[in-house]
Each structure stands twice: as structure tokens, then as C-alpha cells.
Amino acid sequence: MYDADTRRDSCALLAVERDPGSYRGFWTYDPERVDEIVLALRGAVERAEQ
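Since the structure is predicted, the reported quantities are computational estimates derived from the model, not experimental observations. (Residues numbered from 1 in each chain as written. Predicted model: local features only at pLDDT ≥ 70, side-chain atom pairs only at ≥ 80, totals over all residues. Heavy atoms only, no water.)

Undergrad: So what's going on with the pairing of strand β2 (residues 22–28)? Which residues, and what values?
TA: Across seven bridges, strand β1 (residues 12–19) lies against β2 in antiparallel orientation. Its bridge partner being in β2, leucine 14 is matched across the sheet by phenylalanine 26. Following β1, the chain reverses through two residues before pairing antiparallel with β2; glycine 21 in that reversal takes a positive phi of roughly 80 degrees. (Pairing = 2+ DSSP bridges. Helix = DSSP H or I, 4+ residues; strand = E, 2+ residues; numbered from the N terminus.)

Undergrad: Let's hear about helix α1 (residues 31–49): which residues, and what values?
TA: With 19 residues, α1 should reach 27 Å at 1.5 Å per residue; the first-to-last C-alpha distance of 27 Å fits that figure. Close packing links the buried residues of α1 with β1 and β2. The N-cap residue of α1 is aspartate 30: its side-chain oxygen and the backbone nitrogen of glutamate 32 are 2.8 Å apart. (Expected span 1.5 Å × (residues − 1). Contact = heavy atoms within 4.5 Å. Polar contact = N/O pair within 3.5 Å; in protein donor to acceptor, adjacent residues only side chain to side chain.)

Next up, the structure:
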């Protein structure tokens, strides 16, 4: 994820490792989708810390 100075310039790479060294995913430059990814990751970290 790139946290830009402006929301419009933010982007994120969401990927999963399918096999060792082999990834499948996508880049997004859609500000709403980047926000959703950030919220999901923050929620996952908060649950992991409990």
C-alpha cells in the first residue's frame, strides 16, 4: 500500500502467495477500494492483537 499525500494518489497491491515465490493479485488505484483494503487490514491486525 502507498499512503500518498492525497487520497487520489493512493494505491494498493493485494496479493496472496499461491506457491513458494508465486503470487496472484492486483494493483488498484481506486481510492474507495484502497480505503476498504486499509480498513480490512487494520481490523485483521486488531483481531490478531487480542
